[in-house]
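One-letter residues, chain by chain:
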Amino acid sequence: MIKSLTRGLFGIVLVGLISIITLNYYFRFSRSHAQLERVSEDYFRQVSTLIRENQNELDTALEDFSNTSLRRAKTASYVVEHYPEIETDIHELKKLADILEVDEIHLFDLSGEIYFGTHPEYYHFTFQSGEQMNYFLPMLEDSSLEMCQEIMPNTAENKLMQYAAVWREDRKGIIQVGLVPERVMKIKEENSLNNIVSLIPSEKEAELYIVSKENGDILASTNTSNKEENAERIGLPWKEATSSMEMVHTKIGGKKHCVFLQEHQDMVYIRTYPSRLLIREIFLDSGFIAVYILLLFVITAILLRHYTNSKVVKGLNQINRDMKDIENGSKSYVDNITQIPELSELADSINVMTDSIRSAFRNFSVAVEKSNIQMGIYDYSKLNNRYFISEQVWQILKLHRKEGVSPEKNREMLCARVEELKQNFYDEEKHIYKLNAENITYYVHIEEFEYEHNRVLLFIDATNEYTEKEKIILERDRDYLTNLYTRRAFMEKMEELFQSESVLKHAAILMIDADGLKQVNDENGHSLGDQYLKQIASLFSADNTEQTICARLGGDEFAVLLYGYDSEQELLNAIQEIEWKDASYYMKPTEGIEIPLRFSIGYAVYGKDAEDYHVLLKCADERMYLKKGEKRGSAVR
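Report on the accompanying structure.

A short note on the sheet that holds strand 16 (residues 440–451)
- Pairing in this open sheet of six strands is antiparallel, and the strands run 13-12-17-16-15-14 from one edge to the other. The sheet is open, and its two borders are formed by strand 13 (386–389) and strand 14 (425–427), each paired with just one other strand. Put simply, the sheet's adjacent strands are angled 25° from each other on average, direction ignored.

Points about the environment of M587
- Along the chain, M587 turns up in strand 21 (residues 586–587).
- As a C-alpha pair, M587 and L597 span ten residues in sequence and 6.7 Å in three-dimensional space.
- Not counting residues within four places of it along the chain, the set of residues in contact with M587 comprises L528, Q531, Y532, Q535, I593, E594, I595 and L597.

Comments concerning the pairing of strand 2 (residues 114–117)
- Note that strand 1 (residues 104–108) and strand 2 share three bridges and pair antiparallel. Among the inter-strand pairings, F108 is bridged to a residue of strand 2, identified as I114.
- Here strand 1 hands over to strand 2 after five residues, with G112 in that stretch at a positive phi of 85°.

Comments concerning the packing of helix 16 (residues 517–524) against helix 17 (residues 526–541)
- Packing of helix 16 against helix 17 leaves a shortest axis separation of 7 Å and a crossing angle of 145°. Here helix 16 runs over helix 17; the crossing is right-handed. Contacts from L517, V520, N521 and N524 of helix 16 reach helix 17 at H526, L528, G529, Y532 and L533.
- A class-by-class count of the residues in the contact of helix 16 with helix 17 yields five nonpolar, four polar and no charged.

Looking at the nonpolar core
- Formed by 30 residues in total, the largest nonpolar core has its most connected members in L510, I512, Y532, I536, F540, F558 and L562.
- Mapped onto this core, the elements with two or more residues apiece are strand 18 (506–514), helix 16, helix 17, strand 20 (557–565), helix 18 (568–580) and strand 23 (599–605).
- Tallying contributions element by element places helix 17 first for this core, with seven residues.
- With residues near it in sequence (within four places) discarded, I512 still touches F540, D556, E557, F558, V560, I578, F599, S600 and I601.

Some words on the pairing of strand 12 (residues 375–381)
- Most of strand 12 sits out of view: seven of its seven residues are buried.
- The two faces of strand 12 match: M375, I377, D379 and S381 on one face and G376, Y378 and Y380 on the other face are all buried.
- Here strand 12 pairs with strand 17 (residues 454–461) via seven bridges, running antiparallel. Residue pairing for strand 17: Y380 is matched across the bridge by R455.
- In this sheet, strand 13 lies alongside strand 12 in antiparallel orientation, the contact comprising four bridges. Bridge pairing in strand 13 links Y378 to I389.
- Where strand 12 folds back on strand 13, the antiparallel hairpin that results is connected by four residues, among which N385 adopts a positive phi of roughly 60°.

Digging into helix 12 (residues 407–422)
- Under the 1.5 Å per step criterion, the end-to-end length of helix 12 is 23 Å for 16 residues, consistent within 8% with the ideal 22 Å.
- By the burial criterion, the buried members of helix 12 are N410, R411, L414, R417, V418 and L421. Seen from one end, helix 12 has its buried residues packed into an arc of 120°, which puts them on one side. Set apart from the buried face of helix 12 by more than 90 degrees, the exposed residues are K409 and E420.

A short note on the packing of aromatic side chains
- Tallied over the entire structure, the rule returns ten aromatic pairs.
- Taking the centre distance of 5.1 Å and the plane angle of 85° together, the rings of Y135 and F136 count as edge-to-face.
- Here Y135 falls in the partly exposed class, since its relative accessible area comes to 33%.
- Three or more aromatic residues joined by ring pairs make a cluster, and in this case those are F108, F127, Y135 and F136.
- If you follow K398 out to its NZ or CZ, it ends over the ring of Y442, 4.4 Å from the centre.

Here's the deal with the side chain of T482
- With respect to the helices and strands, T482 occurs in the loop between helix 13 (463–477) and helix 14 (487–497).
- Separated by 2.8 Å, the side chains of T482 and D479 make a polar contact.
- With residues near it in sequence (within four places) discarded, T482 still touches L533, K534, A537, R552 and F558.

Points about the sheet that holds strand 20
- With antiparallel pairing, four strands are arranged side by side in an open sheet as 19-20-18-23. The open sheet has two edge strands, strand 19 (548–554) and strand 23, and neither has a second partner. Adjacent strand axes in the sheet meet at a mean angle of 20°, parallel and antiparallel pairs treated alike.
- Contacts from helix 17 reach strand 18, strand 19, strand 20 and strand 23, with the element oriented near 10° to strand 20.
- Sitting on the sheet, helix 18 is in contact with strand 18, strand 20 and strand 23, with an inclination near 10° to strand 18.

Some details on the environment of A507
- Within the secondary structure layout, A507 lies in strand 18.
- What makes A507 buried here is its relative accessible area of 1%.
- Between the alpha carbons of A507 and G607 there is a distance of 8.2 Å; along the sequence they are 100 residues apart.
- Ignoring sequence-local partners within four residues, the contact set of A507 consists of L562, Y563, L571, V605 and Y606.

Reading the values: rules and limits
- Residues numbered from 1 in each chain as written.
- Predicted model: local features only at pLDDT ≥ 70, side-chain atom pairs only at ≥ 80, totals over all residues.
- Heavy atoms only, no water.
- Pairing = 2+ DSSP bridges.
- Helix = DSSP H or I, 4+ residues; strand = E, 2+ residues; numbered from the N terminus.
- Axes fitted to C-alpha atoms, helices over the stretch in contact; angles between N-to-C directions.
- Contact = heavy atoms within 4.5 Å.
- Left-handed = near helix turned anticlockwise from the far one by under 90°.
- Nonpolar A, V, L, I, M, F, W, Y, C, P; charged D, E, K, R; others polar.
- Core = buried A, V, L, I, M, F, W, Y, C linked by side-chain atoms within 4.5 Å.
- Buried < 20%, exposed > 50% of the residue type's maximum accessible area, 1.4 Å probe, protein only.
- Expected span 1.5 Å × (residues − 1).
- Arc of directions from axis to C-beta.
- Phe/Tyr/Trp six-rings, centres within 6.5 Å; stacked < 30°, edge-to-face > 60°.
- Lys NZ or Arg CZ within 6 Å of the ring centre and 35° of its normal.
- Polar contact = N/O pair within 3.5 Å; in protein donor to acceptor, adjacent residues only side chain to side chain.

See the structure below:
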């Protein structure tokens, strides 16, 4: 019965499919032409608007440039008239040209001859020296004239220039300035027809042409291979254009095209569209309809079969729901389906499998606990969205599962902690991360890998190992008295930082020596001497930032690196702040006793004094001892 119903349904669908595709073809063919015509009208309207707006912009630019040229000519005339010495000093005249932002200044006498200017090669040219110069001849007859010439090639170099000329107020001559019309020519180039056409968006393989109505020459085109061609030569029917939109089917380059054309003033706008694309779109549309109908047939057939097999599907759905409940933790086994023996057997097999999986993970967790290794596992299956989290994971990450919320919410909390942890790495190469919880720093080793469709994260508590390591590093790299870097640690920092000029920027090394330590030791004892050194160290390490590295090199000798400053002045200001602290602070060991904190300082600037930190240290040390000597000399005097 099912087969008979399926065959009958297929016959009906096939007949309907053929009828619908045939009707759709003719409907889409007509509709596509109308749509292409509307799009072409929009394109032509955009081209006309852009041409009109660009012409207005060019006219405005030309007018502004002419006014600017006249204003600068008047300014030049005023300066020449009021500062007559400039008429004989070409350097001053060129300075004036630079100030006025003009390229040339020419001084004409009453006969119209250049007697002085910024370009000596033009001397003795007159208003009769060529077509370009002839333009200003009327000024010799009318001293009230101010003339600005259109942009054209000049007489001497055939270079595009615009010249403006005015009479001096004392009528002793004419001042002319020349400007290269860079901005105007740039606007003219930007507003060319080819640029206008390039601004118009076009579909794939559709082309837009602007053709001269007079001779059919292509003035602009989106098809770069046809520029400078004639429309008739490549098959464009430009002569058929009228003031209204026309559509023509013709061959261009041996291929059929749908062509839309229309007259606009002295030009013809033409838009071509390959006919094969139009036909392909229609067939694609018809193909989609065929797919939809076939899909409908398939769905109907599936529903028919589903109806007959509803009992089996119902049982499978029950098993699927039970498995999801097992995944969510709300159930531990699949209910037995007594109506269908095969499904009952399947449910029993699933229960055996889940018990085996639980047992395996339970045994693994017990083995890890017995090994005294703080290790936890997170296993997530992308295939079925299932996961396993061992109890140790929560302990290592210092998290507490929330009661009364779904397991998924707890998993999301755990994943958020892992992502947070990955932003705070301690040793990225070894995958060691720092975890700050309950005001204590923990160290967690995370290994992540994937197999098949599973993502596995292995967590190992490495707190004991790395806490001990940090303690060793601290004892090795920090001075026991001042808590500054030791000489060894300071040199390691120098070696690292001086590999990168971009990190150092403006930097300097300071050598500092505590003054009067022997006197403090002799008069007050070594215990107070140690306190004296700690107080001096605090003067230049109190403002310790990421741009400062301080170290005690030994005894009463200290070194400071200032780096990362954006300017030398900022660096010198920071050095000066440290220098000002010399003898400005006091240590008060007992009531009524004040010991001034004094030190000598010398510094060397990176890039200015040297680029090698060894040389900078030596240079700073020498300057420090010079400063110390100056202090002693001053004390003697």
